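# Tertiary structure, described
Residue strings, one per chain:
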Amino acid sequence: FFQKSVEKIAEIAHDKKVNIVYFTPIPKWERLKTGVDQLCQDGFQIEWFRPKGNKNCATYSQIDRKVYESKVNKTLDSLKRVEQSYPNFHVFPIHELLCDSSKCPSHKKGIRLYRDNSGHISIYAAKQYFSSEIRSFLIQRNLIKRSNP
């Protein structure tokens, strides 16, 4: 079902001469306890009833890369097949930036990669780690032109 849906999108985009950049699945696991996760998403602030704030938003956790790959292997294979079939369909392997050879951590060099348990990338991590990689990918695929800064 997934591959057919993505192929249909790629086909429509191809007919309209539109390029698609599809990100591989972001590793997903419970990085924070559910209640803490919700507070972190809501922009946890110090209140009269919560005078000390919450330091748990930055708790480190990780998932084994093999566990991640076992969950998304079919999706990665499908994306590869669609990318090979449609020249306008480009797969950005964000999981390669989020994981090393053995694990997918919640932090890199002390920087929190995720905003929440849903896998949303934190703004700081997006700026620090991903923006230049995404830009390079788009230039390499001739989807944007290199400009002089």
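These remarks concern the structure in this document. The structure displayed is predicted, hence computed values, not measured ones. (Residues numbered from 1 in each chain as written. Predicted model: local features only at pLDDT ≥ 70, side-chain atom pairs only at ≥ 80, totals over all residues. Heavy atoms only, no water.)

## Let's talk about the nonpolar core
One finds Leu98, Cys104, Leu113, Ala125, Tyr129 and Phe130 to be the most contacted residues of the largest nonpolar core, which totals 19 residues. Looking at this core, the elements that each hand over two or more residues are α3 (65-85), α4 (94-98) and α5 (123-140). The dominant element in this core, judged by the number of residues it contributes, is α5, at five residues. Ala125 has contacts with Ile111, Arg112, Leu113 and Phe130, leaving out every residue within four places of it along the chain. (Core = buried A, V, L, I, M, F, W, Y, C linked by side-chain atoms within 4.5 Å. Buried < 20%, exposed > 50% of the residue type's maximum accessible area, 1.4 Å probe, protein only. Helix = DSSP H or I, 4+ residues; strand = E, 2+ residues; numbered from the N terminus. Contact = heavy atoms within 4.5 Å.)

## Some words on the environment of Ser102
Position of Ser102 among the secondary structure elements: in the loop between α4 and β4 (103-105). Owing to a relative accessible area of 40%, Ser102 belongs among the partly exposed residues under this scheme. Sequence-wise, Ser102 and Arg65 are 37 residues apart; in three dimensions their C-alpha atoms are separated by 5.2 Å. Once you skip the residues sitting within four places of it in the chain, Ser102 turns out to touch Asp64 and Arg65.

## Some remarks on the pattern of salt bridges
For the coordinates displayed, the defined rule picks out four salt bridges. Glu83 is the salt-bridge partner of Arg141, the closest N and O atoms lying 2.9 Å from each other. Residue Arg141 is located in the segment after α5, and its partner Glu83 is located in helix α3; the two are separated by 58 residues in the primary sequence. A relative accessible area of 23% means that Glu83 is categorised as partly exposed. The salt bridge involving Lys103 is made with Asp100; its shortest N-O contact spans 2.7 Å. (Salt bridge = Lys/Arg side-chain N within 4 Å of Asp/Glu carboxyl O.)

## Brief notes about the environment of Tyr124
Mapping Tyr124 onto the fold places it in helix α5. Residue Tyr124 is classed as partly exposed on the basis of its relative accessible area of 49%. C-alpha separation for the pair Tyr124 and Tyr114, spaced ten residues apart in sequence, amounts to 9.4 Å.

## Focus: the packing of aromatic side chains
Taken as a whole and assessed by the stated rule, the structure comprises five aromatic pairs. An angle of 85 degrees between the planes, with centres 5.0 Å apart, marks the rings of Phe92 and Phe137 as edge-to-face. Taken as a pair, Phe92 in strand β3 (residues 89-92) and Phe137 in helix α5 lie far apart in primary sequence, 45 residues in all. On the basis of relative accessible area, Phe137 is assigned to the buried category, the value being 7%. When the centroid spacing of 6.3 Å and the interplanar angle of 55 degrees are considered together, the rings of Tyr129 and Phe130 count as tilted. Take Tyr129: its relative accessible area is 19%, and that puts it in the buried class. Using a relative accessible area of 3% as the deciding quantity, one classes Phe130 as buried. (Phe/Tyr/Trp six-rings, centres within 6.5 Å; stacked < 30°, edge-to-face > 60°.)

## Some details on the packing of helix α1 (residues 2-15) against α3
When two helices pack together, their arrangement is given by the angle between the helix axes and the distance between those axes. Viewed as axis vectors pointing N to C, α1 and α3 meet at an angle of 30 degrees, and their least axial separation amounts to 10 Å. It follows that α1 is roughly parallel to α3 by the angle criterion. Judged by the twist between their axes, the crossing of α1 over α3 is right-handed. Along the contact surface, α1 presents Phe2, Gln3, Val6, Glu7 and Ala10, while α3 presents Thr75, Ser78, Leu79, Arg81 and Val82. (Axes fitted to C-alpha atoms, helices over the stretch in contact; angles between N-to-C directions. Parallel < 35°, antiparallel > 145°, perpendicular 65-115°, else oblique. Left-handed = near helix turned anticlockwise from the far one by under 90°.)

Interpretation note: all reported values are geometric properties and have no functional meaning in isolation.
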